[in-house]
Amino acid sequence: MPAHDTISDMLTRIRNACAVRHPTVTVPSTKMTRNIAEVLKEEGFISGYEEVGEGVKKNLILVLKYKGKNRQPVIHHIRRVSKPGLRIYAKKDLPRVLGGIGVAILSTSSGVMTDRKARKLGIGGEVLCYVW
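The following refers to the structure shown.

Analysis parameters
Residues numbered from 1 in each chain as written. Predicted model: local features only at pLDDT ≥ 70, side-chain atom pairs only at ≥ 80, totals over all residues. Heavy atoms only, no water. Helix = DSSP H or I, 4+ residues; strand = E, 2+ residues; numbered from the N terminus. Expected span 1.5 Å × (residues − 1). Buried < 20%, exposed > 50% of the residue type's maximum accessible area, 1.4 Å probe, protein only. Arc of directions from axis to C-beta. Phe/Tyr/Trp six-rings, centres within 6.5 Å; stacked < 30°, edge-to-face > 60°. Lys NZ or Arg CZ within 6 Å of the ring centre and 35° of its normal. Pairing = 2+ DSSP bridges. Axes fitted to C-alpha atoms, helices over the stretch in contact; angles between N-to-C directions. Contact = heavy atoms within 4.5 Å. Polar contact = N/O pair within 3.5 Å; in protein donor to acceptor, adjacent residues only side chain to side chain. Core = buried A, V, L, I, M, F, W, Y, C linked by side-chain atoms within 4.5 Å.

1. Quick notes on helix α2 (residues 31–42)
An ideal rise of 1.5 Å per residue puts 16 Å on 12 residues; α2 measures up with 17 Å between its terminal C-alpha atoms. Listing the buried residues of α2 in full gives Thr33, Ile36, Ala37, Val39 and Leu40. Looking straight down α2, one finds its buried side chains confined to an arc of 160 degrees; they lie on one side. Opposite its buried face, α2 presents the exposed residues Lys31 and Glu42, each directed more than 90 degrees away.

As structure tokens, this is what we get:
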């Protein structure tokens, strides 16, 4: 059975749901997807999320945000950086996404956080994705 990249799956589902202006998107719940959803909520990219289901079959329902009367998605681009075949790590040289307009989501020893928070704490980690 092939290993599944749950993070890429989550980002693709969000990208597709934003493209067709869905109000919510369902992604399989793992510790990592919950942490990424929490960072997206803190940064204002999604309105919120809820965990539904029982046991192994838990899902996260993410509430997507849109702005303006023609409902432009708040998430313009969401891109996977570090992949299972090629991990990308950053130490002190943390990436700036669009000069600070976007955020890089990192997995650090202190948990999943944005590039700004990691820079403030002076730690590095694996660069999971860019969002803007």
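Back to the text.
2. Quick look at the packing of aromatic side chains
What the rule picks out here adds up to zero aromatic pairs. Of note, Arg71 hangs over the ring of Tyr66, and the distance from its end group to the ring centre comes to 4.4 Å.

3. Here we look at the sheet that holds strand β3 (residues 59–64)
Taken in spatial order, the three strands line up as β1-β3-β2 in an open sheet, and their pairing is antiparallel. The open sheet is flanked by β1 (24–28) and β2 (46–52), the only strands paired with a single partner. Across this sheet, the average inter-strand angle for adjacent strands is 25 degrees, counted without regard to direction. When β2 meets β3, the two strands line up antiparallel, connected through six bridges. When the sheet's bridge partners are listed, Gly48 is paired in β3 with Val63. The strands touched by α2 are β1, β2 and β3; relative to β2, the strand with the most contacts, the crossing angle is about 155 degrees.

4. Focus on the pairing of strand β8 (residues 103–108)
Burial analysis of β8 places five of its six residues in the buried class, the great majority of the element. Two strands pair when backbone bridges link them, and β8 and strand β9 (residues 111–114) are joined in this way by four bridges, in the antiparallel orientation. Paired with Leu106 across the bridge in β9 is Met113. The hairpin formed by β8 and β9 contains two residues between the paired strands.

5. Thoughts on unusual backbone geometry
Of note in this structure, Arg71 is not a glycine but carries a positive phi near 50 degrees. Within the secondary structure, Arg71 sits in the loop between β4 (66–67) and β5 (72–73). For Arg71, a relative accessible area of 36% corresponds to the partly exposed category.

6. As for the side chain of Arg80
Secondary-structure assignment places Arg80 in strand β6 (residues 78–80). When its relative accessible area of 9% is taken as the criterion, Arg80 is described as buried. Of the polar contacts made by the side chain of Arg80, one reaches the side chain of Asp5; its length is 3.1 Å. A distance of 3.4 Å separates a polar atom in the side chain of Arg80 from the backbone oxygen of Leu128. If near-sequence neighbours (up to four positions away) are discounted, Arg80 is found in contact with Asp5, Ile7, Ser8, Leu11, Arg87, Leu128 and Cys129.

7. Quick notes on the nonpolar core
Ile14, Leu62, Ile105 and Val131 are the most contacted members of the largest nonpolar core, which has 27 residues in total. Contributing elements (two or more residues each) for this core: α1 (6–19), β1, α2, β3, β8 and β10 (125–131). Counting residues per element, this core draws most heavily on α1, at six residues. When sequence neighbours within four positions are dropped, the list of residues in contact with Leu62 reads Met10, Ile14, Pro23, Thr24, Val25, Val27, Ala37, Ile46, Gly48 and Tyr49. One finds Ala90, Leu94, Ala104 and Ala118 within the second-largest nonpolar core, a separate group that totals 10 residues.

Any functional reading would require information that these geometric values do not contain.
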